[in-house]
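# Understanding the architecture of this molecule
Below are the chains, spelled out letter by letter.
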Amino acid sequence: MKKKKFALVLSGGGFNGAFQLGALNYINENWKSISGLDSPMKFDLIAGVSVGALNGALLAMNQLDLLNDLWVNQIGRNGVSEIYTSEFIDTTSKSDKIKLKVDLKKLVKKLLPEVNIQLNFFKKLGLVFSKKQRAKIIENALKQVEKSIQLNLPKFRSIADNTPLSKKLDKYLDRSTIMDTIYMCGFVSLDTGAYHSVKHSEFYSDKDFHQGVLASTAIPMIWNPVESVSFYGKNGVYTSKNNVDGGVRNVSPLGDVIKLINQDPNSEYKIIVINCNSGTPKVEDYSGKSIAAIAARSVYEIAITEVFNNDVEHFTKLNDVVKQAQAWDSEIVLFGSDKHQIKDFDAVIINPSKGIDMGSSLVANEKLIANRMIHGRTMAQLAFDKKDVHNA
């Protein structure tokens, strides 16, 4: 008889990751009926990208209480400043929408660090120099400004700083506490375009483990890429450069999970997928939106949602085909293009309702976090109730 095991797949979705926590709390409270086991909630395999990498890491460490504290008491009460700071986004705002905040002095310092132009100096030009001399001085100053902007604009890689999150990862993450669970997080190298899904045991060092999780959460344009992450590959130690959010290429690492499951033929897996992106982006006029809102909309609410939908839809259709074929003839064996046998899986997919607006993935406040968690719990219950009806 095959050993029963459980796999968890966590998608990306920014601060909508609170939806995942609500679903996880429901699963934890109903673990016995879901798993048929008397033991506490435990997943044999956890794979996540972006916020799913963060949630999954703490869950793999058996730190569900800490995960609740992070979302409810820290992010919920104090807002996004628990995760990032910004010179362009108002991190103190309690609004459900992104609020732009521009500090002109800091912006000038970022783009024009070599240029020190005092406005009072220009006011005095008229008292000291002739009109022709003033024009020449201003012309030279503008050339200096132009040169400085050209030099420093390429260094302007993000509109926010995720140092607060990095410090939390340094404080909380301890891969030595991950026992009897395989944890994987995914990130993408901007240099090569390659997607890397790395097990916690494969990172070269504890620091690389922290950097790997951080890289998986690094939303392009919002946060700086993580400079390097080293891990053990087929040919020894490999270092991936300039790494960003794994959700850019693989918002739902189902393929990573199935690949590992296929390497464990003596076990029977139940797969639980928790997506925290709504199925259809809300229609909204973006003609006057800020760069932060545009980045969140394009990366998370459109691109990642589309990738996830295609990924899960493909998995579901293939799973149904295999089940139907085996129901018709139990001796039928199907193979994929890689010559591996295609199996059917016991899978539960938890999605937000298509009709609900959970707010911007870059915004968090006490009300939003609570609502996202409540919705996650509700949709988890509906998903498992639906599963029970089909199995009845």
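This text goes with the structure placed above it.
Here the structure is a predicted model, which is why all the values come from computation and not from measurement.

Where helix 3 (residues 51-60) contacts helix 4 (residues 64-78), the axes come no closer than 7 Å and their chain directions differ by 140°. Classified by the interaxial angle, the pair formed by helix 3 and helix 4 is oblique. Two secondary-structure elements touch here, helix 3 through Val51, Leu54, Asn55, Leu58 and Leu59 and helix 4 through Leu64, Leu66, Leu67, Leu70 and Trp71. Here the residues of the contact of helix 3 with helix 4 sort into 9 nonpolar, 1 polar and no charged.

The next subject is the side chain of Ser240. Note on placement: Ser240 falls in strand 6 (residues 236-245). Classification of Ser240 by relative accessible area gives buried; the value is 0%. A polar contact of 2.4 Å, which involves the side chain of Ser240, links it to the side chain of Asn243. Excluding residues that lie within four positions of it along the chain, Ser240 makes contacts with Phe187, Ser189, His196, Glu227, Ser228, Val229 and Phe231.

Ranked by internal contacts, the top residues of the largest apolar core, which has 74 residues, are Ile27, Phe43, Tyr183, Ile274 and Ile350. Among all residues touching Ile350, those that are not within four sequence positions of it are Phe19, Ala23, Ile27, Ile272, Val273, Ile274, Asn275, Met379, Ala380, Ala383 and Phe384. In terms of nonpolar packing, the next biggest core, distinct from the first, is built from 15 residues, Ala7, Leu45, Val257 and Tyr269 among them.

So, how was this worked out
What you see as residue numbers is a count from 1 along each chain, following the sequence as written. The model is predicted, so local features are restricted to residues of pLDDT at least 70 and side-chain atom pairs to those at 80 or more, both for listing and for counting; the totals for chains, interfaces and linings are taken over all residues. Calculation of side-chain values draws on the structure's entire complement of heavy atoms; hydrogens and water are dropped beforehand. Every angle, taken between N-to-C directions, lies between 0 and 180 degrees, and every axis is a line fitted to C-alpha atoms, over only the stretch in contact when it is a helix. Strands here are runs of E lasting at least two residues and helices are runs of H or I lasting at least four, both read from the DSSP assignment and numbered beginning at the N terminus. Between 65 and 115 degrees an angle is taken as roughly perpendicular, under 35 as roughly parallel, over 145 as roughly antiparallel, and anywhere else as oblique. Between two residues, a contact is recorded if the distance between any of their heavy atoms is within 4.5 Å. Residues are grouped as follows: nonpolar covers Ala, Val, Leu, Ile, Met, Phe, Trp, Tyr, Cys and Pro; charged covers Asp, Glu, Lys and Arg; every other residue, Gly included, is treated as polar. Burial classification: accessible surface area is computed with a 1.4 Å probe over protein chains only, and a residue below 20% of its type maximum counts as buried, one above 50% as exposed, and the rest as partly exposed. Pairing of N or O atoms within 3.5 Å defines a polar contact, subject to two protein rules: one partner must be a possible hydrogen donor and the other a possible acceptor, and residues neighboring in sequence count only if both atoms are side-chain atoms. Take the buried residues of types Ala, Val, Leu, Ile, Met, Phe, Trp, Tyr and Cys, join any two whose side-chain atoms come within 4.5 Å, and each joined set is a nonpolar core.

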